[in-house]
Amino acid sequence: SYSAENKFLGRHLTFKVENATGDLGAGSNIPVRSLTLNFEKNLKLVHNSGTVEPEDILNQGFRVTGEVVLDYENRTYADLMNNGTYKAVRVKLVNAGVTIGVSTNPSFLIDLSRVDVESWEPDRANDDIASQTFQFVGLHDITNNNVINNCQLVSERDGTNYA
């Protein structure tokens, strides 16, 4: 037998940018064309003589980055980059078309406490809707003492919430 592969799609995405993590719940969804998240563990292999296998694998600086493409409506993200303003970001995916158990839906949520917009680029192609792309990086937030303030995964396998 084959099990269903219930994937997250673009229509399941909610993207929010607010001043602080406490404001993310009530924040407005920002419609995006695409979103890419990258998690870099920056692993270091520790090699010793006499073996081809590493003696240890160590985590170095953990890094969360992302790229967002959305319609060009204003210069908000360019201003965030130019002013050096930090924001909190929420990425949430909920597949409401699938039910796990009685009433749970597969979902993924990540809140980044302090995000810096590193680059911003408008795209004004001829005969196309203007868009903008910005890249961001999650930074350590001194107030919350973290990079990721909240991370939850509700899997379709057993309906368990992994926080």
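For the structure given in this document, a descriptive report is provided here. Since the model is a prediction, treat every value here as computed from it, not as a measurement.

What counts, and at which threshold
- Residues numbered from 1 in each chain as written.
- Predicted model: local features only at pLDDT ≥ 70, side-chain atom pairs only at ≥ 80, totals over all residues.
- Heavy atoms only, no water.
- Helix = DSSP H or I, 4+ residues; strand = E, 2+ residues; numbered from the N terminus.
- Buried < 20%, exposed > 50% of the residue type's maximum accessible area, 1.4 Å probe, protein only.
- Polar contact = N/O pair within 3.5 Å; in protein donor to acceptor, adjacent residues only side chain to side chain.
- Contact = heavy atoms within 4.5 Å.
- Core = buried A, V, L, I, M, F, W, Y, C linked by side-chain atoms within 4.5 Å.
- Pairing = 2+ DSSP bridges.
- Arc of directions from axis to C-beta.

## Points about the side chain of glutamine 132
Locating glutamine 132 in the fold gives a position in strand E8 (residues 131-139). For glutamine 132, a relative accessible area of 1% puts it in the buried group. At a separation of 3.1 Å, a polar atom in the side chain of glutamine 132 contacts the main-chain carbonyl oxygen of aspartate 71. Looking at glutamine 132, its side chain comes within polar contact range of the side chain of tryptophan 120, at 2.6 Å. Discounting chain neighbours no more than four positions away, the residues touching glutamine 132 are Val68, Val69, Leu70, Asp71, Tyr72, Glu73, Asn74, Tyr77, Trp120, Glu121 and Pro122.

## Overview of the nonpolar core
Counting residues in each nonpolar core, the largest one holds 21 residues, and the members touching the most others are Phe15, Tyr77 and Phe134. Those elements that place two or more of their residues in this core are strand E1 (13-18), strand E5 (63-71), helix H1 (76-83), strand E6 (86-94), strand E7 (107-123) and E8. Top contributing element to this core by residue count: E7, with six residues.

## Brief notes about the pairing of E7
Consecutive side chains along a regular strand alternate between the two faces of the sheet. The buried count for E7 comes to twelve of 17 residues, which makes it a mostly enclosed element. With eight bridges joining them, E6 and E7 adopt antiparallel strand pairing. Bridge pairing in E7 places tyrosine 86 opposite aspartate 116. In this structure, E7 lies alongside strand E9 (residues 148-154), joined through six bridges in antiparallel fashion. Residue pairing across strands places leucine 109 opposite glutamine 152, the latter belonging to E9. The sheet contact formed by E7 and E8 spans nine bridges and is antiparallel. When the sheet's bridge partners are listed, tryptophan 120 is paired in E8 with phenylalanine 134.

## Things to note about H1
Within H1, the full set of buried residues consists of Tyr77, Ala78 and Leu80. The buried residues of H1 occupy one face: seen down the axis, they fall within an arc of 160 degrees. Relative to its buried face, H1 has exposed residues pointing more than 90 degrees away, namely Asn82 and Asn83. Where H1 is buried, its residues contact E5, E6, E7 and E8. One or two steps after H1, the chain reaches glycine 84, where phi turns positive at roughly 70 degrees.

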